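Chain and residue survey
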Amino acid sequence: MKIKLHVWRQLNPESKGAMETYSLDGVNPDMSFLEMMDMLNEQLIEEGKEGVAFDHDCREGVCGACSMVINGEAHGPKRETTTCQLYMRHFSDGAEIYVEPFRSGAFPIIRDLMVDRSAFDRIIQSGGFISNHSGPKPEPNSIPIDPGVAETALDAASCIGCGACVAACPNGSAMLFTAAKVSHLGMLPQGQTERYDRVQDMTTQMEEEGFGSCRNYAECEAQCPKGISIAFIGRMNSDFLKASLVEPVDRRGKMKAQ
Amino acid sequence: MLTLDAKLPQGPIEDAWTNHKDQLRLVGPKNRSKYKVLVIGSGLSGASAAASIGAMGYQVECFCFQDSPRRAHSIAAQGGINASKNYRNDGDSTWRLFVDTQKGGDFRAREENVYRLAELSTAIIDQAVSQGVPFAREYGGKLANRSFGGVLVERTFYCRGETGQQLLLGAYQALEEQIAAKTVNMQTRTEVLDYVIIDGKVRGVISRDLVTGEIKRHVADAVVLATGGYGNVYYLSTNAKNCNVSALMRAYRRGAGFANPCFTQIHPTSIPASGDYQSKLTLMSESLRNDGRIWVPRNKDEKRKPSDIPEADRYYYLEERYPRYGNLVPRDVAARNAKDVCDQGLGVGPTGYGVYLDFAAAIEQKGVDAVKSKYANLFEMYERITDDDPTKTPMRIFPAVHYTMGGLWVDYNLMTTIPGMFAVGEANFADHGANRLGASSLMQCLADGYFIIPVTIGNYLSGLEKDNLTTDDEHFAKVEAEVRDHANKMLSIKGKRSTNSIHRELGKIMWEHCGIQRTEASLKEGLKKIPELREEFWNNASILGVNESMNQSMEHAGRVADFLDFGELMCRDALLRDESCGCHLREEHQTPEGEAKRNDEDFAYTAVFEYKGEGEEPELNKEPLNFEALPLMTRNYKS
Ligand SMILES: Cc1cc2nc3c(=O)[nH]c(=O)nc-3n(C[C@H](O)[C@H](O)[C@H](O)COP(=O)(O)OP(=O)(O)OC[C@H]3O[C@@H](n4cnc5c(N)ncnc54)[C@H](O)[C@@H]3O)c2cc1C
Ligand code: SF4
Ligand code: FES
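Keep in mind that this is a model prediction, so the values were computed, not measured.

Calculation criteria
- Residues numbered from 1 in each chain as written.
- Chains lettered and ligands numbered in written order.
- Predicted model: local features only at pLDDT ≥ 70, side-chain atom pairs only at ≥ 80, totals over all residues.
- Heavy atoms only, no water.
- UniProt positions renumbered as here; feature names shortened; annotations may be inferred.
- Helix = DSSP H or I, 4+ residues; strand = E, 2+ residues; numbered from the N terminus.
- Contact = heavy atoms within 4.5 Å.
- Buried area = accessible area lost by both parts, 1.4 Å probe.
- Salt bridge = Lys/Arg side-chain N within 4 Å of Asp/Glu carboxyl O.
- Polar contact = N/O pair within 3.5 Å; in protein donor to acceptor, adjacent residues only side chain to side chain.
- Nonpolar A, V, L, I, M, F, W, Y, C, P; charged D, E, K, R; others polar.
- Domains from an automatic or database assignment.
- Patch = residues over 30% accessible without salt bridge, like charges linked within 9 Å, V, L, I, M, F, W, Y side chains within 5 Å.
- Areas by Shrake-Rupley, 256 points an atom, 1.4 Å probe, with all protein chains shown as cover.
- Lys, Arg positive; Asp, Glu negative; His and termini not counted.
- Charge placed at Lys NZ, Arg CZ, Asp CG, Glu CD.
- Buried < 20%, exposed > 50% of the residue type's maximum accessible area, 1.4 Å probe, protein only.
- Near = heavy atom within 4 Å.
- Pairing = 2+ DSSP bridges.
- Axes fitted to C-alpha atoms, helices over the stretch in contact; angles between N-to-C directions.
- Parallel < 35°, antiparallel > 145°, perpendicular 65-115°, else oblique.
- Left-handed = near helix turned anticlockwise from the far one by under 90°.
- Phe/Tyr/Trp six-rings, centres within 6.5 Å; stacked < 30°, edge-to-face > 60°.

**Quick look at the UniProt feature "active site" (unreviewed entry) in chain B**
Residue and element names in this part refer to chain B. In the UniProt entry, the feature "active site" (unreviewed entry) is given for R331. Topologically, R331 is positioned in helix α8 (residues 331-343). When residues no more than four places from it in sequence are discounted, the contact partners of R331 are F148, Q265, I266, H267, P268, E286, R289, H402, R436, G438 and A439.

In structure tokens form, the structure reads like this:
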């Protein structure tokens, strides 16, 4: 099949970017979207031009590296599908396709389609873990966990940290990502001790990173490749409320000061 | 000659690790922050190592080439992780896990290492659960298990089909905690390109910032390589696209022995390749073989749809050939048998290189919902890629390159032949022998990272005299200059061919000449073709851009250059190992039934290659293997 691609090219964070247009012939419908991008790059390299920079690694929908807005949607038109798992058979012959980076103030562009998502790591650093050094631990079967609870925690934990929720949100909010992590750990018995500090610390960090606030557009859920439910945002809000009502604020900070 | 002192503990194997640990020297808590450890890689082995060493109070700097440690290749592991918890009450024990792993590796691993792995397996599950890894649970809230190939017990713990992701998130979160605590300094989007060796010890690395192109120097007291496997030498594999061998090859060129490079595991259940443009193969977890039955049509010219083929015309070749293990034979056996029936012309799908993995019987017995819920995301993944629904028509699968058992040689403390340089996870050769059983790599990565390296590294560091070495030292300048020369040499080729096409061609050579089966002739042919392709690379590759900026073209080229050198080393090892064992099947050495035939008399050793300079033949060193706890026996999955 033949396709026409409009791709965002931008040399570095400071420079001005623009769409460039390329034509590809002989695209196989069984190619993945990234294999089509490889084909474009090989064509560019043979013409002596530099290829389009984009992030990718696992190519099976689980590392969360591949980030692109395709025809206006994060990871493209197919529901619950990452860019690497999108196939050219989902486009028609002769299609015109627009490819842009994930856009959000908190995700600065590095080059072309590549953005800096390290803000997510910093949100995790602020409390997205169970404090725990390696060494002998209690027998896990001594702490039974309802399988339904474990499953729901796993639903939340399935977030691949791709950032599509941010790119999809008109406000550039990172609520879905943060809520997924807060819920995953907050539902498990092991995560209880730090539960209320965690929700406060992670939401504070989220705001400091410059992500927008949640206005319930639900675009995040619609474009999340892992189908993470916005119900987790409700769960996080409820924990946040409890935290601000009952739990002492800034316990972590006080511990450090001791 | 390399000195291969494995430092194996003496005495009964049951107490070996405990006794060994008791004798290791320690660094006191107050002194740990004086030592700097570099951890290269942040997959399961690297993240667990960096987090654990950091939490002890050492200064750690951790590197990965992805934008976040959470994206390391480990995230893709699907099926599960083994531990001999005996939760099923089916007779599992440390001993049994040890025996299965030794046998699975066809007795080409050190038994002391394998025993330790089995012993630590239970602690890994405890550790992961305490980090909040949401393993599958039963109705009573206890942990659930399933079975993997090559064993007769259910000892595999899992999180749907995303076990690697969940375990990595556990380790990644532990790592992020340490980053926040400032014990670990994380360097993402950074590739380590070379090592600085002073007075025979590793004292630092040279890295390249993949965004700016800046070359940087890092001084260290010890370096831990956790850089994963090299299956991508075959171009097509189940590995993530960016997995490569460069970190290991460059260590090899600086004096680290490379052990058993030819041991490559070919996984039996991958989605078959369909066209030339394909950039990777997608694995369908082995756990599917719990419920899926593998078959091909009995007749060569079968044209009917699979559902229309009656039982009598189906050849359930694994069940017929291996009645006891059936569809759960080890990977190499399943892979070879698949290739065998396809070579006989019985294969299915457009290329004829595919076999059916059929869930119809399980669906009839347990209901479609039960089967679907067990393998939910795998079924979705399959459907997405092939456009076929596996609950309606059988999956098509074929073997694919998956895991590499070779790696840097390490002693019992996981130290390479370069003092101060350690290797953990898939990057070392230590625990899997000639084959790896399913669900055992995650176990090894985490045993190495959480429990072994944090204590053995202290033993090394406690013996070091502190000096005031800085990156201004001339040794750093020299290695940095060599790194720059290498980049400039690549950039000056100015040829026509994309490095991707050269990589693809190398992959074809490797698959044909050093793949599922090898012969003396095929390997010799491979050893002729690879140097020719290397010539082509250095004369005609098109590598654009400059060093001093982001340059994905050059990054890729550097990795392909290393794959070319490494492919040759692999073929050389495969040629010298004139026996069959585990995944290494030399066609000349088979039993009448087509099974791998070992030669323990001549080959019960680990092959360790030593670099002798560019263009020189590497020297083969041998570490003999002793089998005292578990005497040698023939691997047999038939009865
Ligand atoms: C599809 C698939 C499914 C699997 N399923 C299972 C399973 O169910 N059970 C099981 O036990 N095993 C499984 N495995 C195997 C297992 O996933 C791997 O062996 C294991 O994750 C390897 O972990 P690692 O820490 O050694 O390396 P990796 O996770 O590969 O990490 C390598 C790290 O090194 C870094 N790195 C590499 N080179 C450099 C460099 N030069 N400079 C800087 N950083 C560098 C990378 O950035 C990365 O962080 C599976 C493998 C695949 C491919
Ligand atoms: S919530 Fe969904 S869209 Fe957002 S980072 Fe996680 S997986 Fe990606
Ligand atoms: S490349 Fe890993 S999710 Fe797409």
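**Notes on the interface of chain A and chain B**
Counting residues at the interface gives 74 residues for chain A, matched by 75 residues for chain B. Buried area between chain A and chain B, summed over both chains or domains, comes out near 6,000 Å², and the portion from carbon and sulfur atoms is 49%. The largest per-residue losses of area from chain A upon contact with chain B belong to A:D57, A:E60 and A:N141, which jointly make up 11% of the total buried on that side. Here chain A is connected to chain B by six salt bridges. Two residues, B:R189 and A:D55, come together in a salt bridge whose shortest N-O distance is 2.8 Å. Our count for the chain A to chain B interface comes out at 45 residue pairs in polar contact (both at pLDDT 80 or more). Of all the secondary structure elements, the ones that give two or more residues to the side of chain A that touches chain B are α1 (33-46), β6 (109-111), β7 (114-115), α2 (118-125), α3 (147-157) and α5 (175-187) of chain A. When residues of the side of chain A that touches chain B are assigned to their parent elements, the largest contribution, seven residues, is made by α3(A). Taken together, the residues of the side of chain A that touches chain B break down into 33 nonpolar, 18 polar and 23 charged.

**Looking at the domain arrangement of chain B**
The accessible area lost on association of the parts is a frequent measure of interface size. Residue and element names in this part refer to chain B. As assigned here, chain B comprises domain 1 (13-263 + 405-463), domain 2 (269-400) and domain 3 (474-601). Taken over C-alpha atoms, the centre of domain 1 sits 25 Å from the centre of domain 3. Facing 47 residues of domain 1, the contacting portion of domain 3 comprises 47 residues. Between domain 1 and domain 3, a total of about 4,000 Å² is buried, with carbon and sulfur atoms accounting for 60% of that surface. There are nine salt bridges connecting domain 1 and domain 3. Between R108 and E579 there is a salt bridge whose closest N-O contact spans 3.0 Å. Connecting domain 1 to domain 3 are 21 residue pairs in polar contact (both at pLDDT 80 or more). Top contributing element to the side of domain 1 that touches domain 3 by residue count: strand β6 (residues 190-198), with seven residues.

**Focus: a negative patch on the surface**
Side chains of A:E80, A:E221, B:E380, B:E383 and B:D387 sit close together on the surface and give a patch of like negative charge. Tracing the backbone shows B:E383 in helix α11 (residues 376-386). We classify B:E383 as partly exposed; its relative accessible area is 37%.

**Examining the site of ligand 2**
Surveying the vicinity of ligand 2 reveals the residues A:F120, A:C159, A:I160, A:G161, A:C162, A:G163, A:A164, A:C165, A:L176, A:C224, A:P225 and A:I228. Here the shell around ligand 2 is built from residues that sort into ten nonpolar, two polar and no charged.

**Some thoughts on the sheet that holds strand β7 (residues 201-209) of chain B**
All names here are of chain B. Strand order in the open sheet made by the three strands is β6-β7-β8, with antiparallel pairing throughout. A strand with exactly one partner marks an edge of an open sheet, and here the two such strands are β6 and β8 (215-219). The average undirected angle you get between the axes of adjacent strands in this sheet is 25°. In this sheet, β8 lies alongside β7 in antiparallel orientation, the contact comprising five bridges. Bridged to S207 within β8 is K216. Helix α13 (residues 474-491) contacts β6, β7 and β8 of the sheet and is inclined by roughly 135° relative to β6.

**Brief notes about the site of ligand 1**
As a matter of local geometry, ligand 1 sits amid 39 residues, with B:S45, B:Q66, B:S74, B:E426 and B:S441 nearest to it. Each of chains A and B places residues near ligand 1. B:S42 is positioned with one of its backbone polar atoms (N or O) 2.9 Å from an oxygen atom of ligand 1. B:A226 has a polar backbone atom sitting 3.3 Å from an oxygen atom of ligand 1. Protein chains shield 99% of the accessible area of ligand 1, which is 1,000 Å² for the free molecule. Of all elements in the fold, only α2 (44-56), β6, β15 (395-404) and α12 (441-462) of chain B reach the threshold of two or more residues within the shell around ligand 1. Grouping the amino acids of the shell around ligand 1 by side-chain chemistry returns 16 nonpolar, 19 polar and four charged.

**With respect to the packing of α2(B) against α12(B)**
All names here are of chain B. Packing of α2 against α12 brings their axes to within 8 Å, and their N-to-C directions diverge by 30°. On the basis of their axis angle, the class for α2 and α12 is roughly parallel. Crossing hand, α2 versus α12: right-handed. Mapping the contact onto sequence places L44, S45, S48, A49, S52, I53 and M56 in α2 and L442, C445, L446, G449, Y450, I453, P454 and I457 in α12. Residues belonging to the contact of α2 with α12 are distributed by class as follows: eleven nonpolar, four polar and no charged.

**Quick notes on the packing of α5(A) against helix α8 (residues 231-246) of chain A**
Residues and elements named next belong to chain A. Contact geometry for α5 and α8: axes closest at 8 Å, N-to-C directions at 65°. With respect to their mutual orientation, α5 and α8 come out roughly perpendicular. Crossing of α5 over α8 shows left-handed handedness. Across the interface between the two elements, M175, L176, T178, A179, V182, S183 and M187 of α5 pack against F232, I233, R235, M236 and N237 of α8.

**Side note on the packing of aromatic side chains**
Residues and elements named next belong to chain B. The final tally for this structure, using the stated rule, is 27 aromatic pairs over all chains. Centre to centre, the rings of F107 and F627 are 5.5 Å apart; their planes meet at 80°, and the pair counts as edge-to-face. Note that F107 is positioned in the loop between α3 (94-104) and α4 (111-130) and F627 in the segment after β21 (619-624), a separation of 520 residues in sequence. Residue F107 shares its accessibility class with F627, and that shared class is buried. Measuring from centroid to centroid gives 6.1 Å for F359 and Y375, while their planes differ by 50°, and the two rings are tilted. Here Y375 lies in the loop between α10 (368-374) and α11 and F359 lies in the loop between β14 (355-358) and α9 (360-366), a separation of 16 residues in the sequence. Grouping residues by exposure puts F359 and Y375 together as buried.

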